[in-house]
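As a plain string of letters, each chain reads:
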Amino acid sequence: MIDRLLVYLGRHVDSYLLAAIGALLVVGLITLYSASGESFVRVGNQAGNIVVALVVMWLAANVPPHYIQRLAMPVYVLGLILLIAVALFGEITNGARRWLDLGVIRIQPSELMKIGVPLALAWYFDRYEAILKLRDFIIGGIMMAVPVLMIAEQPDLGTSLLVAAAGFFVIFLAGLSWKIVVGVGLTALGCLPLLWSLMHDYQRQRVMTLLDPSQDPLGAGYHTIQAAIALGSGGLFGKGWLNGTQAHLDFLPERTTDFIFAVFSEEFGLFGNIILVTLFLFVIGRGLFISFNASTLFTRLLAGAITMTFFTYVVVNMGMVSGVLPVVGVPLPLMSYGGTSLVSILFGLGILMSIQTHKRLVQS
Amino acid sequence: MKLFRRSALRRDTHPLVLAGARRAELRDHQKELQSFQLRLGLMASVILAVFSALLLRLFYVQVIQHDYYHTLAENNRISIVPIVPNRGLILDRNSAVLAHNYAAYTLEITPSKAGKLEGLINELSEVVDITPRDRKRFRKVLDEGHDFSSAPIRTRLSDEEVARFAANKYRFPGVDIRARLFRHYPNGEVASHVLGYMGRINKRDVERLEELGVKPNYAGSDFIGKIGLEGRYEQELHGTTGFEEVETDAGGRAVRTLRSRLPISGNNLLLSLDARLQNVAEQVFGNRRGALIAIEPSTGGILALMSKPGFDPNLFVDGIDPQNWDLLNNSPDHPLNNRALQGVYPPGSTFKPFMALAALELGKRSPGYSIADPGYFSLGGSHRWRDWKQAGHGVVDLHKSIVVSCDTYYYGLAHDMGIDNIHKFVGQFGFGKRTGIDIDGEAGGLLPSEEWKMKRFKQKWYPGDTISVGIGQGYNLATPMQLAQATAVLANRGVVFRPHIVRQIQNSQSGALTSIEPQPIGHVQLASENVQRITDAMVDVLKPGGTAVVAGTGAEYRIAGKTGTAQVIGIKQNERYDERRINERHRDHALFIAYAPADAPTIAVAVLVENGGHGSSSAAPVARKVMDFYLLGKEPKLERTETVVEDSAGD
């Protein structure tokens, strides 16, 4: 009975991915326990989040890709409508208009676009499979640019860049001409000064802080400096679980969320980091494998984009904590405390599983 | 979209076009897949490259820079809190407390953590009392610009104020209540010049501490002994600062103590000073300006040392406010001057007993030799050195010269002895050089010699210069301390001790006592019959016919004394000094030296009353009352203390 239930539950679950995800979730909970000052409440809450997110993942894994394909445009359009609603009626917090209060819940439509944009682009390119012309890429580019610019206007530069990255991965994998890739890349470099002039003061501050955190050690540079101290003092083997002084004496800010990697690094050292990076690499490698072997263009593109987005989150977060990227509010996938990011990440990974397992079923 | 479909349909209609399109589609499809896989592979290599870079960065931070960041983390975590030791006590010879410590709460502002100071202080004043005086003092501490982490805005908070502030603390970031030790001097002004005072550590103090190599011991100390015993014995009194290594969180709250070293209290000073005698001396002296020193001749221990006016050292303990500071500094009476040690005065006639002793010892006069005093002395020219008594004292021998304080006798004696003999002999009693008492800032006085004049004025010594030196005038200058020391040496029959206020230093840990200067440092060779002659003459000074008969009346023990007057302004050759006609501050200083009991002295006293007129009327009675109290335990009857100018009293 139980065996059959397990088989039923596991039908559309990719065991390789699940193993790596499970390992990362456990490591995350262990680190969270330390980061939260040994709070069972925090760990319990996160465990609840994990259960919900795993259910979402399981559901996503059980939806066949062609259903997902059908939902692509509606999700994208819904996202656009919500973004417009935010621009019109959104709540202003910390000088940015990002949240929409629906009475029952507050939502951040830009989160939806992280999956909405790659879905829509993959759908669009799949729709015109094999006869992709420059105009298709232009249309794809516009589909990507509209939400990206709207999110940037909120302003939320971090999220808009992540959405743009997700869109770019689809367009790139769909076969955008190298000339354009290189041309756009160079143009983007040339536009950096322009971007600088368009940035808000706090955004410039973050970049300046990255270049020289000691400029403002108690202000903007505080996060970067304290994180570097946590990492550096962790050394090769770390200070040991629950023994991180930077974390336990409150020197590290945001240590259960965006800076949880600093806590992990302090307590488990470079060796812990190598294991952690290996686990993340395994998830990403598996994702690329799924993408590589996917049967349709839609699933190929979607799997590739989801994997690359996941990779981007990991690198942006770790780069931020280790002081090579500016401080942007990107949580570390599967480890940072918080339900929203966990659900959206596991939803994406669930889609990966669906793509892998449904293809296998079709083949068999 | 329909448009696209229609065009596709249109292609379908033509077989050639259809076939070509299909081929193109298939070829494209294949190409797309290859292209996709190629690009995926490219991304995979980008991923590997990025992760390699990230791991390199982690390796750099966690391995290569590990030591650097480890230190930073430890600095974050551990703060070293100094524990200020208890300052040593100062006790008198009967163990009465002259200086001790008490703990009090202070309200302190850390400017770096606080916002706008003016507004903050205004808000604070709604919670605790803050006077304009407190504000000024706070400003002064800030302006002095030390690397203070915090500066006090209020000291000695009441329990109620502490409670009120605690309830409102959240409103005042950067403001804290601290418990601190303060110095307290229970006797206030009494013996203020002996004890000195404590003040905030300033730049010069820091330099001195660095020179001594004890700067680290002052971590956490805000105050330091400035003058008097507090200054001189600073290193004994301060003690050893303890440390507490505490783990603190980011908010600066102590989480736990890692290590600690307890502070070691400073050593106690046990004085030879008798606080009751000091008190009597100060009461008897009243509000006049001047100095008094009482010494125990057999040890050199200071029994009392007074300089008036004094000051209240308690004003300084929590940082003196500018108003009081100006008052002390700018008063015409100079209360911060230690007249006993720093004031130099012509010794006047108190110099005569030492001259007389020199005459006997050097064989310049025999006890029976006498002169006929016409009231002046001359070297044959027109210049006359006048005796204080215009008509002269008649026939005067050595004994009488002291009893009636005959100037003419000493003019002639000085002339016969010559300046260098005077310098050599009298110098043995300590004139002209610092006594070496254990308080800093002592003046050296001046006992002139040929050599000195040549050095100082590039002039040779004229025989005429010697004449007034004989009566303690001329170039002669001495501090009251030097007079007292010379008197003690005489009382002690030539045995010299270095005068000292601290008798013993008591180790705060072991209680072991270290004695200061118990050994004599010199011996003036004196024939005992000569000393006896001088003593007898000095005893007669306080008997009928002597200049201090008033002070000697009714004494139950024998007192040897000598009055003296030090001129403040010069009197022209044909003028007469009229006390009542000149400004009070231009009146002569009154001097008196004495020891008792005359034949086995246990106390030697020197008294100076600035602008007091004659030594006999103002200075001698003070000495008498001090000796009465010391020898007989007799409490003085307090009378009016103003200078009583008596026409009859002479010198």
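Please refer to the structure placed before this passage.
Predicted model, so just to flag it, every value in this text is computed and none were measured.

Trainee: Got a sec to walk through the overall build of chain A? Specific residues and values, please.
Mentor: Along the backbone of chain A there are 14 helices and 3 strands. In chain A, which comprises 364 residues, the proportion classed as buried is 52%. Within chain A, residue pairs in contact and separated by at least 24 positions form 72% of the contacts whose partners lie at least 6 positions apart. When the accessible surface of chain A is split by element, carbon and sulfur atoms take 70% of a total near 15700 Å².

Trainee: Could you give an account of the overall build of chain B, with specific residues and numbers?
Mentor: When you go through chain B residue by residue, the secondary structure sums to 23 helices and 23 strands. Counting only residues that meet the buried cut, chain B has 49% of its 651 residues in that class. Considering only residue pairs separated by 6 or more positions, chain B has 72% of its internal contacts joining residues 24 or more positions apart. When the accessible surface of chain B is split by element, carbon and sulfur atoms take 52% of a total near 30300 Å².

Trainee: Any chance you could break down the sheet that holds strand 1 (residues 91-93) of chain A for me, citing the residues and the numbers?
Mentor: Residue and element names in this part refer to chain A. Sheet architecture is open: 3 strands sit in the order 1-2-3, paired in antiparallel fashion. Strand pairing shows two members of the sheet lacking a second neighbour, strand 1 and strand 3 (106-107), which therefore form its edges. Pairing of strand 1 with strand 2 (residues 96-101) involves 3 bridges; the strand directions are antiparallel. The partner of Glu91 across the bridge, within strand 2, is Trp99.

Trainee: I'd like to hear about the sheet that holds strand 1 (residues 78-83) of chain B, residue by residue, with values.
Mentor: Residue and element names in this part refer to chain B. An order of 1-8-9 is seen for the 3 strands of this open sheet, with the pairing classed as antiparallel. Bordering the open sheet on either side are strand 1 and strand 9 (254-261), each of which pairs with just one other strand. Each adjacent strand pair in this sheet contributes to an overall mean axis angle of 30 degrees, direction not counted. Relative to strand 9, strand 8 (residues 242-248) runs antiparallel, the two sharing 6 bridges. Looking at strand 9, one finds that Glu244 is bridged to Ser260. Across the face of the sheet, helix 3 (residues 66-77) comes into contact with strand 1, strand 8 and strand 9 while running at roughly 45 degrees to strand 1.

Trainee: An account of the nonpolar core is requested, with residue identities and associated values reported.
Mentor: Residues B:Leu305, B:Phe429, B:Phe431 and B:Ile501 are the most contacted members of the largest nonpolar core, which totals 123 residues. Grouped together as the second largest cluster of nonpolar side chains are 112 residues, A:Leu24, A:Met113, A:Val117 and A:Leu297 included.

Trainee: Describe the pairing of strand 12 (residues 301-308) of chain B, and please don't skip the residues or the numbers.
Mentor: All names here are of chain B. With respect to burial, strand 12 is a largely interior element, 8 of its 8 residues being buried. In this structure, strand 11 (residues 290-296) lies alongside strand 12, joined through 7 bridges in antiparallel fashion. Looking at strand 12, one finds that Ile295 is bridged to Ile302. The hairpin formed by strand 11 and strand 12 contains 4 residues between the paired strands, and Gly300 there has a positive phi angle of roughly 80 degrees.

Trainee: An account of the interface of chain A and chain B is requested, with residue identities and associated values reported.
Mentor: Taken residue by residue, the interface counts 55 residues in chain A and 40 residues in chain B. Interface area for chain A against chain B, summed over the two sides, is near 4300 Å², with a carbon-plus-sulfur share of 72%. Between the two partners, chain A and chain B, sit 0 salt bridges. Elements supplying a minimum of two residues to the side of chain A that touches chain B: helix 7 (157-174), helix 8 (178-198), helix 10 (222-234), helix 11 (245-248), helix 12 (260-293) and helix 13 (297-321) of chain A. When residues of the side of chain A that touches chain B are assigned to their parent elements, the largest contribution, 12 residues, is made by helix 12 of chain A. Broken down by class, the residue content of the side of chain A that touches chain B amounts to 33 nonpolar, 16 polar and 6 charged.

Trainee: How would you explain a nonpolar patch on the surface if you had to name every residue and give the values?
Mentor: Together, A:Trp178, A:Val182, A:Leu186, A:Leu189, A:Leu192, A:Leu195, B:Leu42 and B:Val46 make up an exposed nonpolar region whose accessible area comes to about 730 Å². Looking at the nonpolar patch, the elements that each hand over two or more residues are helix 8 of chain A together with helix 2 (15-64) of chain B. With 6 residues, helix 8 of chain A is the largest single contributor of residues to the nonpolar patch. Here A:Trp178 lies in helix 8. With relative accessibility at 39%, the residue A:Trp178 sits in the partly exposed group.

Trainee: An account of the packing of helix 10 of chain A against helix 3 of chain B is needed here, citing residue identities and associated values.
Mentor: Across the interface, helix 10 of chain A lies against helix 3 of chain B with an axial gap of 7 Å and an inter-helix angle of 115 degrees. Where helix 10 of chain A crosses over helix 3 of chain B, the handedness of that crossing is left-handed. Two secondary-structure elements touch here, helix 10 of chain A through A:Gln226, A:Ala228, A:Ile229, A:Gly232, A:Ser233 and A:Gly234 and helix 3 of chain B through B:His66, B:Tyr69, B:His70, B:Leu72, B:Ala73 and B:Asn76. Partitioned by chemical class, the residues of the contact of helix 10 of chain A with helix 3 of chain B number 5 nonpolar, 7 polar and no charged.

Trainee: Before we move on, could you go through the pattern of salt bridges and cite the residues and values that matter?
Mentor: Residues and elements named next belong to chain B. Per the stated rule, a full pass over the model turns up 37 salt bridges over all chains. A salt bridge links Glu230 to Arg87; the nearest nitrogen and oxygen atoms lie 2.9 Å apart. Of this pair, Glu230 sits in helix 9 (residues 228-232) while Arg87 sits in the loop between strand 1 and strand 2 (90-91); the two residues are 143 residues apart in sequence, bridging distant segments of the chain. Grouping residues by exposure puts Glu230 and Arg87 together as buried. As a salt-bridge pair, Asp134 and Arg137 come within 3.2 Å of each other at their nearest N and O atoms. Here Asp134 and its partner Arg137 are both found in helix 5 (residues 132-143), 3 residues apart, which amounts to about one turn of the helix. Each member of the pair, Asp134 as well as Arg137, is classed as buried.

Trainee: Now, about the packing of aromatic side chains: what can you tell me, with residues and values included?
Mentor: Across all of its chains, the model carries 30 aromatic pairs over all chains by this definition. An angle of 45 degrees between the planes, with centres 5.4 Å apart, marks the rings of A:Phe125 and A:Phe137 as tilted. Of this pair, A:Phe125 sits in helix 5 (residues 109-127) while A:Phe137 sits in helix 6 (residues 134-153), placing them 12 residues apart in sequence. A:Phe137 matches A:Phe125 in its accessibility class, with the two residues each being buried. Seen from their ring centres, B:Trp452 and B:Tyr475 are 5.0 Å apart, and the 65 degrees between their planes marks the pair as edge-to-face. Of the two residues, B:Trp452 sits in helix 18 (residues 450-457) while B:Tyr475 sits in the loop between helix 19 (463-469) and helix 20 (480-491), which places them 23 residues apart along the sequence.

Trainee: If you had to explain the side chain of B:Asn76 to someone new, which residues and values would you point to?
Mentor: When you line up the elements, B:Asn76 lands in helix 3. A polar contact of 2.8 Å, which involves the side chain of B:Asn76, links it to the side chain of A:Gln246. If we ignore the near neighbours within four places in the chain, the residues touching B:Asn76 are A:Gln226, A:Ile229, A:Gln246, A:Phe251 and B:Thr248.

Trainee: Please provide a residue-by-residue account of the environment of A:Leu242, values included.
Mentor: Residues and elements named next belong to chain A. For Leu242, the position within the fold is in the loop between helix 10 and helix 11. Classification of Leu242 by relative accessible area gives partly exposed; the value is 24%. Residues Leu242 and Thr31 lie 211 residues apart in sequence; the distance between their C-alpha atoms is 8.5 Å. Those residues in contact with Leu242 that sit more than four places away from it in its chain are Tyr33, Ser34, Glu38, His248 and Glu267.

Trainee: Requested: an account of unusual backbone geometry, with residues and values cited.
Mentor: All names here are of chain B. In the segment running from Lys308 into Pro309, the intervening peptide bond is cis, with an omega of -5 degrees. Counting through the fold element by element, Pro309 comes out in the loop between strand 12 and helix 12 (322-330). That bond from Ala596 to Pro597 is cis: its omega, -15 degrees, falls within 30 degrees of zero. With respect to the helices and strands, the residue Pro597 is situated in the loop between strand 22 (589-596) and strand 23 (603-609).

Trainee: Give a description of the environment of A:Met57 that names residues and reports values.
Mentor: Residue and element names in this part refer to chain A. Looking at the element boundaries, Met57 is found in helix 3 (residues 40-62). Accessibility expressed as a relative area gives 3% for Met57, which makes it buried. Considering only alpha carbons, one finds Met57 and Leu352, 295 residues apart in sequence, at a separation of 9.5 Å. Beyond its immediate stretch of four places on either side in the chain, Met57 contacts Leu18, Ile21, Leu346, Leu349, Gly350 and Met353.

The rules behind these values
Residues numbered from 1 in each chain as written. Chains lettered and ligands numbered in written order. Predicted model: local features only at pLDDT ≥ 70, side-chain atom pairs only at ≥ 80, totals over all residues. Heavy atoms only, no water. Helix = DSSP H or I, 4+ residues; strand = E, 2+ residues; numbered from the N terminus. Buried < 20%, exposed > 50% of the residue type's maximum accessible area, 1.4 Å probe, protein only. Contact = heavy atoms within 4.5 Å. Areas by Shrake-Rupley, 256 points an atom, 1.4 Å probe, with all protein chains shown as cover. Pairing = 2+ DSSP bridges. Axes fitted to C-alpha atoms, helices over the stretch in contact; angles between N-to-C directions. Core = buried A, V, L, I, M, F, W, Y, C linked by side-chain atoms within 4.5 Å. Buried area = accessible area lost by both parts, 1.4 Å probe. Salt bridge = Lys/Arg side-chain N within 4 Å of Asp/Glu carboxyl O. Nonpolar A, V, L, I, M, F, W, Y, C, P; charged D, E, K, R; others polar. Patch = residues over 30% accessible without salt bridge, like charges linked within 9 Å, V, L, I, M, F, W, Y side chains within 5 Å. Left-handed = near helix turned anticlockwise from the far one by under 90°. Phe/Tyr/Trp six-rings, centres within 6.5 Å; stacked < 30°, edge-to-face > 60°. Polar contact = N/O pair within 3.5 Å; in protein donor to acceptor, adjacent residues only side chain to side chain.

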